[in-house]
Amino acid sequence: MKTAVLIPCYNEELSIEKVVKDFKKELPEAEIYVYDNNSKDKTAEIAEKAGAIVRHEYNQGKGNVVRRMFREVEADIYVMVDGDDTYPAEEVHKLIQPVAKGQADMVIGDRLSNGTYKKENKRMFHDFGNGLVKRAINKLFRSDLRDIMTGYRVFNKIFVKNMPVLSPGFEIETEMSLYALDKRFLIKEIPITYRDRKSGSFSKLNTVSDGIKVVKKIISMYKDYKPRKFFFLIALIFIILGLIVGIPVIVEYFKIRYIHKLPSAVLATGLVTLGIIIAQCGVILDTIVKQHRESFENRLLRYESMERLNRK
């Protein structure tokens, strides 16, 4: 089976040579791709000298890089890893194994379970942010994932060639996890060792702005994937507000058979009506999502059939 190692990079001249050479040592027959994302240092030059296939993505953002990698690279097994040397190449074999055996469509390198990320990571609030995102997704999607935002993953071809990458930036890992959960791809998590960046190397992840983007991505994908629950919750809020405003009006009417609080009555009626309309939108969108899911399953079946024919 053909294996490709995909390394998205931006200003990683201090570590990229070691990352490329480590993966060439562990996977000598694999093709190592380094996708440079407008680096201002010698990342691309060093990667090429180390033996990687260097390509460029000029739209800034990790999500844009992943989109291009998934479109351009042809393989049976895809290993995606960051170029900062925080993930050990020697552990790649245990991540590849479930995909190679057909036991998983996506394998996640779990940094959190064994405590190495908490011990090694020096960036404030990152561990807190990872935990918050993990709890939110597991609650919303009734899952039990341990590491949502790791950059060390292995995919099969079916996953890579059928995932529409929409995120432009660092929220791409969250999008992958949510997409796999919604489309019921087989996910397996394997604990890995995490090590901090080399001295002089800096993370491109902004704790606040990228954290906000991740939260917005979770809300957006929850709306897209589970619209009935999403819009029912909003509808419930409007209906409750309408009842809070309207109950005194109703009580007044039953007492004196007359309404003095006409503005409150109009507001309550409007809030409840708006809530009902929003709930109806949720029902309609839920039907559309189910049809889309059926269409995706049929497309996946056609893709798998074509892949089997190609292998013959």
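These notes cover the structure that comes with them.

The rules behind these values
Residues numbered from 1 in each chain as written. Predicted model: local features only at pLDDT ≥ 70, side-chain atom pairs only at ≥ 80, totals over all residues. Heavy atoms only, no water. 1 Å grid on protein atoms, 1.4 Å probe; cavity = no way out; pocket = protein on both sides within 12 Å on 5 of 7 lines; lining within 4 Å. Points joined across faces, edges and corners; volume = space filled by probe spheres on them. Helix = DSSP H or I, 4+ residues; strand = E, 2+ residues; numbered from the N terminus. Nonpolar A, V, L, I, M, F, W, Y, C, P; charged D, E, K, R; others polar. Salt bridge = Lys/Arg side-chain N within 4 Å of Asp/Glu carboxyl O. Pairing = 2+ DSSP bridges. Axes fitted to C-alpha atoms, helices over the stretch in contact; angles between N-to-C directions. Contact = heavy atoms within 4.5 Å. Core = buried A, V, L, I, M, F, W, Y, C linked by side-chain atoms within 4.5 Å. Buried < 20%, exposed > 50% of the residue type's maximum accessible area, 1.4 Å probe, protein only.

**Describing the layout of surface pockets**
Point 1. Taken as a whole, the second largest pocket holds about 410 Å³ of empty space.
Point 2. Lining the second largest pocket are 21 residues, and of these Asp 105, Asn 156, Lys 157, Ile 158 and Glu 304 lie nearest its centre.
Point 3. Elements represented by at least two residues in the lining of the second largest pocket include exactly helix H4 (92-100), helix H7 (157-162) and helix H11 (262-311).
Point 4. The greatest single-element share of the lining of the second largest pocket, amounting to 7 residues, is contributed by H11.
Point 5. Each residue belonging to the lining of the second largest pocket can be placed in one class, and the counts come to 9 nonpolar, 2 polar and 10 charged.

**Quick look at the pattern of salt bridges**
Point 1. Under the definition given, this model contains 20 salt bridges.
Point 2. Of the charged contacts in the structure, one is a salt bridge between Lys 2 and Glu 31, with a shortest N-O distance of 3.6 Å. Of the two residues, Lys 2 sits in the segment before strand S1 (3-9) while Glu 31 sits in strand S2 (residues 31-36), which places them 29 residues apart along the sequence.
Point 3. Residues Lys 21 and Glu 17 are paired through a salt bridge, measuring 2.9 Å at the closest nitrogen-oxygen approach. Of the two residues, Lys 21 and Glu 17 both sit in helix H1 (residues 16-26), 4 residues apart, roughly one turn of that helix.

**What to know about the sheet that holds strand S7 (residues 187-191)**
To summarise the sheet geometry, strands pair through backbone hydrogen bonds and adopt either a parallel or an antiparallel arrangement.
Point 1. Read across the sheet, 7 strands follow the order S3-S2-S1-S4-S6-S5-S7 without closing on themselves; strand pairing throughout is mixed. One side of each edge strand has no neighbouring strand; the edge strands of this open sheet are strand S3 (53-56) and S7. Neighbouring strand axes in the sheet, compared pairwise and without regard to direction, differ in orientation by 20° on average.
Point 2. Both S1 and strand S4 (residues 77-80) contribute to a ladder of 4 bridges, which runs parallel. Looking at S4, one finds that Leu 6 is bridged to Met 80.
Point 3. Across the sheet, helix H3 (residues 62-72) touches S1, S2, S3, S4 and strand S6 (153-156), and the angle it forms with S1 is around 155°.

**Some details on the nonpolar core**
Point 1. Formed by 45 residues in total, the largest nonpolar core has its most connected members in Phe 70, Phe 155 and Met 176.
Point 2. Discounting chain neighbours no more than four positions away, the residues touching Met 176 are Val 66, Phe 70, Met 80, Met 106, Arg 153, Phe 155, Phe 159 and Met 163.
Point 3. Judged by nonpolar contacts, the second largest core, of 31 residues, contains Leu 27, Tyr 87, Ile 96 and Val 154.

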